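Descriptive analysis of the structure
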Amino acid sequence: MTQFSHCEVVCPNCGEIGCEMKFHSVNTTGKPKLKMEVAKWELYTWVCPKCGKKYILSYPSLINDNGTMWVFTAHFSEELAARGFSGEIVIDDDCYDPVMAALWK
Ligand SMILES: [Zn+2]
């Protein structure tokens, strides 16, 4: 089962506030497309809608691939810099969830 919530992210470059899905757990069993998105870190990528800079979202995510489970945490690296990323945004456990907040209004 894939579980996610939403999380408010702030662009370190321009201060734009965005909202991105935070994947607590991802089940890639029988889902090759999703597996590729995890492998290419696409699930953990946020592109600022204002300045267009690309950031990696850093938080632990439980991956379940056909019964093999591991915790994956994306981190910014030289390799990502070469792929056009500008840095990482650390998402903590009690990040503000604008979608959930709207539901409770
Ligand atoms: Zn920005």
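The coordinates are above.
What comes next concerns the included structure.

Cut-off values and rules
- Residues numbered from 1 in each chain as written.
- Predicted model: local features only at pLDDT ≥ 70, side-chain atom pairs only at ≥ 80, totals over all residues.
- Pairing = 2+ DSSP bridges.
- Helix = DSSP H or I, 4+ residues; strand = E, 2+ residues; numbered from the N terminus.
- Axes fitted to C-alpha atoms, helices over the stretch in contact; angles between N-to-C directions.

**A short note on the sheet that holds strand S6 (residues 68-73)**
- Across the sheet, four strands lie side by side as S1-S2-S5-S6; this open sheet has mixed pairing. In this open sheet, the two strands that pair with only one neighbour each are strand S1 (3-10) and S6. Shown here is a sheet whose adjacent strand axes are inclined to one another by a mean of 30°, direction ignored.
- Both S1 and strand S2 (residues 17-27) contribute to a ladder of eight bridges, which runs antiparallel. Within S2, the residue paired with His6 across the bridge is Met21.

**Notes on the sheet that holds strand S4 (residues 54-58)**
- Overall, mixed pairing links the three strands, which are arranged S3-S4-S7 in an open sheet. Two strands in the sheet have a free side with no partner beyond their single neighbour: strand S3 (45-47) and strand S7 (85-90). Strand after strand, the sheet turns through a mean of 35° between neighbouring axes, direction not considered.
- Alignment of S3 against S4, held across three bridges, turns out to be antiparallel. Bridge pairing in S4 places Val47 opposite Lys54.

None of the figures reported here should be taken as evidence of function without further support.
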